[in-house]
Amino acid sequence: MTDDTDPFFLYNLVISEDDFQSLKLQQGLLVDFSAFPQKFIDLLYQCINEENKEVPRFLLQLSSGTVLGSSPAQLDVVETNPFKHLTHLSLRLLPANDIEVKTYLATCLKCIKEEKLMIHHKLKKTEDDLTRQLLCTQQSLNEKSIELENLKSESSSQISSLKSQHTAEISSEKEKAQQAYSQLLQQCEQQRKEFESSLQKNSQQIQSRLNELEQSNKDLLERRYKAESTVRELRAKYQNLEEELQRAEQKVTSLGRENSALDAECHDKEKEMNRLQTRLAVLEQELKDKDQLVLRSNEILAATQEQKAVLEGSAEKKQVQIGKLEATIKSLSSELLKANDIIKKLQGDLKTLMGKLKLKNAVTVQQEKLISEKEKLLQEGQRNLHDIQQSLRLKEEEVRI
């Protein structure tokens, strides 16, 4: 143990294995001789770590004699707590004699001289490096100063030449801009005249197209009146059919009383009934097709509305959309004719059924149900015809608008 502030402070302790056994018995140590050095070093580190705390847990205490070298010193490793100070290890260190102190001082002096020599070499090397760097820096500084002066002279000459060049370019660009401005004015004036002439032509074309549309609207009104007269005729025919149905129903009631005598013919009537049911399925399919036709007409109506909005924006689109409207009206007229044919076909089927009822003079309860279903089909056909007429009126009004 030494002290950096006192070179004559030197204590030594050499513990053999036999000395450690007696120390282990005296102080109740739990480690072996081989593990004792490392455990002692661990205790010293714990004392160092606890040194800066306000209440350290581990303390390292050294108690020595009053006169240096007169008595051994005692080194204690103490653990403190509020109840007691517990000494983990206590070692007695002997003071060094003159020979040991001189040997220690000679060793320290040798180490200091070696360290001084090494530091001197390092300082010499550092001084040489700094001197060399200073010379290089001064040389580079002189070169940079010369380059800076050259750059300043070159930059001043370049700036003057650039100013003159820039002034000439600005004047030339101004002349070019003036010429381009005059050319653009001429082009704009020419384009304005051309645009006015094209607008006048387009307005004339639109006016002629509107006249054609008015004429086609008159034709559509005439077709509408014809269709209404056809509908009135169909209504009159339908009323006649209703009267015939009422008479047929009266006959059915009278013939129903005679149904008991016609059991032998029931098998034939059932076959006929099956055939009529298949015919009824065909008629229902035709009605479904007619519903789809109405939906398609509604879609065409929406398309015509969109085409009308587009007509207001562009004359060319107006011509295409008006053509589509005319095609749509023609298709609706053809579909109306098809609907009339279907109604006539239904009326013919009803007449044939009535003839068969008169010829066979017998009907069953199922045939009465069939007649009621036929009436429903006729009513649905009339409703569909009415819907088609309304859609036709709406389209005529749109075309008129």
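Residues numbered from 1 in each chain as written. Predicted model: local features only at pLDDT ≥ 70, side-chain atom pairs only at ≥ 80, totals over all residues. Heavy atoms only, no water.

**Student:** What am I meant to see in the overall build of the protein here?
**Tutor:** Along the backbone of the protein there are six helices and five strands. Reading the helices (α) and strands (β) of the protein from amino to carboxyl end gives β-β-α-α-β-β-β-α-α-α-α. By the burial criterion, 23% of the 401 residues in the protein qualify as buried. Sequence-distant contacts, at least 24 apart, represent 60% of the contacts inside the protein between residues at least 6 apart. For the protein, the accessible surface area stands at approximately 29,500 Å², while carbon and sulfur atoms represent 55% of it. (Helix = DSSP H or I, 4+ residues; strand = E, 2+ residues; numbered from the N terminus. Buried < 20%, exposed > 50% of the residue type's maximum accessible area, 1.4 Å probe, protein only. Contact = heavy atoms within 4.5 Å. Areas by Shrake-Rupley, 256 points an atom, 1.4 Å probe, with all protein chains shown as cover.)

**Student:** Would you mind going over the packing of aromatic side chains with me for this structure?
**Tutor:** Here a ring pair, both rings aromatic, is described through the centre-centre distance and the interplanar angle of the planes. Going through the model one piece at a time under the given rule, you end up with four aromatic pairs. With centroids separated by 6.2 Å and ring planes inclined at 20°, the aromatic side chains of Phe 36 and Phe 40 adopt a geometry described as stacked. Placement of both Phe 36 and Phe 40 in helix α2 (residues 36–49) is noted, with a separation of four residues, approximately one turn of the helix. A residue is classified by how much of its surface remains accessible, and Phe 40, at 18% relative accessible area, is buried. Among the aromatic residues, those joined into a cluster by ring pairs are Phe 20, Phe 33, Phe 36 and Phe 40. (Phe/Tyr/Trp six-rings, centres within 6.5 Å; stacked < 30°, edge-to-face > 60°.)

**Student:** Explain the pairing of strand β5 (residues 85–95) to me, please; I cannot follow it from the model alone.
**Tutor:** When strand β2 (residues 6–12) meets β5, the two strands line up antiparallel, connected through two bridges. Along β5, the bridge assignment pairs Asn 12 with Leu 94. When strand β4 (residues 73–80) meets β5, the two strands line up antiparallel, connected through eight bridges. Bridge assignment links Glu 79 to a residue of β5, and that residue is Leu 86. Linking two consecutive strands that pair antiparallel, namely β4 and β5, is a turn of four residues. (Pairing = 2+ DSSP bridges.)

**Student:** For this particular structure, what's the right way to read the side chain of Glu 79?
**Tutor:** Along the polypeptide, Glu 79 turns up in strand β4. A distance of 2.5 Å separates polar atoms of two side chains, one belonging to Glu 79 and the other to His 88. With residues up to four places along the chain from it excluded, the contact list for Glu 79 reads Arg 57, Phe 58, Lys 84, His 85, Leu 86 and His 88. (Polar contact = N/O pair within 3.5 Å; in protein donor to acceptor, adjacent residues only side chain to side chain.)

**Student:** I'm lost on the sheet that holds β2 in this one. Help?
**Tutor:** For sheets, the rule is that strands pair by backbone hydrogen bonds, running either parallel or antiparallel. Strand order in the open sheet formed by five strands is β1-β2-β5-β4-β3, with antiparallel pairing between adjacent strands. Two strands bound the open sheet, and with one partner strand each, they are β1 (2–3) and β3 (58–63).

**Student:** Explain the confidence of the model for the protein here, please?
**Tutor:** For residues with low pLDDT, the predicted coordinates do not support detailed interpretation. Here the protein averages 76 in pLDDT, while 75% of its residues score no lower than 70. The weakest mean pLDDT in the protein belongs to helix α4 (residues 266–313) at 66; the strongest belongs to α2 at 89. (pLDDT = per-residue confidence, 0-100.)

**Student:** Any chance you could explain the state of the cysteines here in plain terms?
**Tutor:** Here, the word disulfide means a covalent bond between the sulfur atoms of two cysteines. Following the criterion strictly, the structure yields zero disulfides and no others. Free cysteine Cys 108: the closest other cysteine sulfur is in Cys 111, separated by 6.5 Å. Classification of Cys 108 as partly exposed rests on a relative accessible area of 25%. (Disulfide = S-S within 2.5 Å.)

**Student:** Got a minute to help me understand the layout of surface pockets in this structure?
**Tutor:** Using a probe with the size of a water molecule, rolled over the atoms, empty space left in the structure can be pinpointed. Reported here for the second largest pocket is a volume of approximately 260 Å³. If you trace the second largest pocket, you find 13 residues lining it, with Leu 29, Val 31, Lys 39, Leu 43 and His 88 closest to the centre. Elements represented by at least two residues in the lining of the second largest pocket include exactly α2 and β5. Among the elements that make up the lining of the second largest pocket, the one with the highest residue count is α2 (six residues). Considered class by class, the residues forming the lining of the second largest pocket number seven nonpolar, four polar and two charged. (1 Å grid on protein atoms, 1.4 Å probe; cavity = no way out; pocket = protein on both sides within 12 Å on 5 of 7 lines; lining within 4 Å. Points joined across faces, edges and corners; volume = space filled by probe spheres on them. Nonpolar A, V, L, I, M, F, W, Y, C, P; charged D, E, K, R; others polar.)

**Student:** Hey, could you run me through α2 in this one?
**Tutor:** Along an α-helix, residues three or four apart share an orientation, since each turn contains 3.6 residues. A rise of 1.5 Å per residue sets the reference length of α2, with its 14 residues, at 20 Å; its end C-alpha atoms lie 20 Å apart and thus fit the reference within 8%. Turning to α2, its buried residues number three or more, namely Phe 36, Phe 40, Leu 43 and Cys 47. Buried residues of α2 fall within an arc of 55° about the axis and therefore sit on the same side. Exposed positions of α2 whose direction lies more than 90 degrees from the buried face are Tyr 45 and Asn 49. For α2, the secondary structure elements touched by its buried residues are α1 (17–27), β3, β4 and β5. (Expected span 1.5 Å × (residues − 1). Arc of directions from axis to C-beta.)

**Student:** Honestly, the pattern of salt bridges in this entry has me stumped. Any pointers?
**Tutor:** Side-chain pairs of opposite charge can arise whenever the charged atoms involved come near each other. Tallied over the entire structure, the rule returns five salt bridges. The shortest N-O distance in the salt bridge between Arg 57 and Glu 79 comes to 2.9 Å. With Arg 57 in the loop between α2 and β3 and Glu 79 in strand β4, the pair connects residues that are 22 residues apart, well separated along the chain. A salt bridge links Lys 144 to Glu 147, with the shortest nitrogen-to-oxygen separation between them at 4.0 Å. (Salt bridge = Lys/Arg side-chain N within 4 Å of Asp/Glu carboxyl O.)

**Student:** Help me out: how do you make sense of the nonpolar core in this one?
**Tutor:** Considering soluble globular proteins, one finds that nonpolar side chains tend to be buried as a cluster. Tyr 11, Leu 29, Phe 36, Phe 40, Val 77, Leu 89 and Leu 91 are the most contacted members of the largest nonpolar core, which has 16 residues in total. The element best represented in this core is α2, accounting for four residues. (Core = buried A, V, L, I, M, F, W, Y, C linked by side-chain atoms within 4.5 Å.)

**Student:** What's the story with the environment of Ala 73 in this structure? I'm lost.
**Tutor:** Position of Ala 73 among the secondary structure elements: in strand β4. Here Ala 73 is in contact with Tyr 11, Leu 62, Ser 63, Ser 64, Leu 91, Arg 92 and Leu 93, once residues within four sequence places are set aside.

**Student:** In this structure, what is going on with the side chain of Ser 90? I would like to understand it.
**Tutor:** Here Ser 90 lies in strand β5. Apart from the residues within four sequence positions on either side, Ser 90 is in contact with Leu 23, Gln 27, Gln 74, Leu 75 and Asp 76.

**Student:** Looking at this structure, how should I read the environment of Arg 235?
**Tutor:** With respect to the secondary-structure elements, Arg 235 resides in helix α3 (residues 98–256). Between the C-alpha atoms of Arg 235 and Gln 382, which are 147 residues apart in sequence, the distance is 8.6 Å.

**Student:** Just checking my understanding: could you explain the environment of Ser 63 for this structure?
**Tutor:** One can find Ser 63 in strand β3. Under the relative-accessibility criterion, Ser 63 is labelled partly exposed at 39%. For the pair Ser 63 and Gln 74, spaced 11 residues apart in the sequence, the C-alpha separation amounts to 5.2 Å. Excluding residues within four positions of it along the chain, Ser 63 makes contact with Pro 72, Ala 73 and Gln 74.

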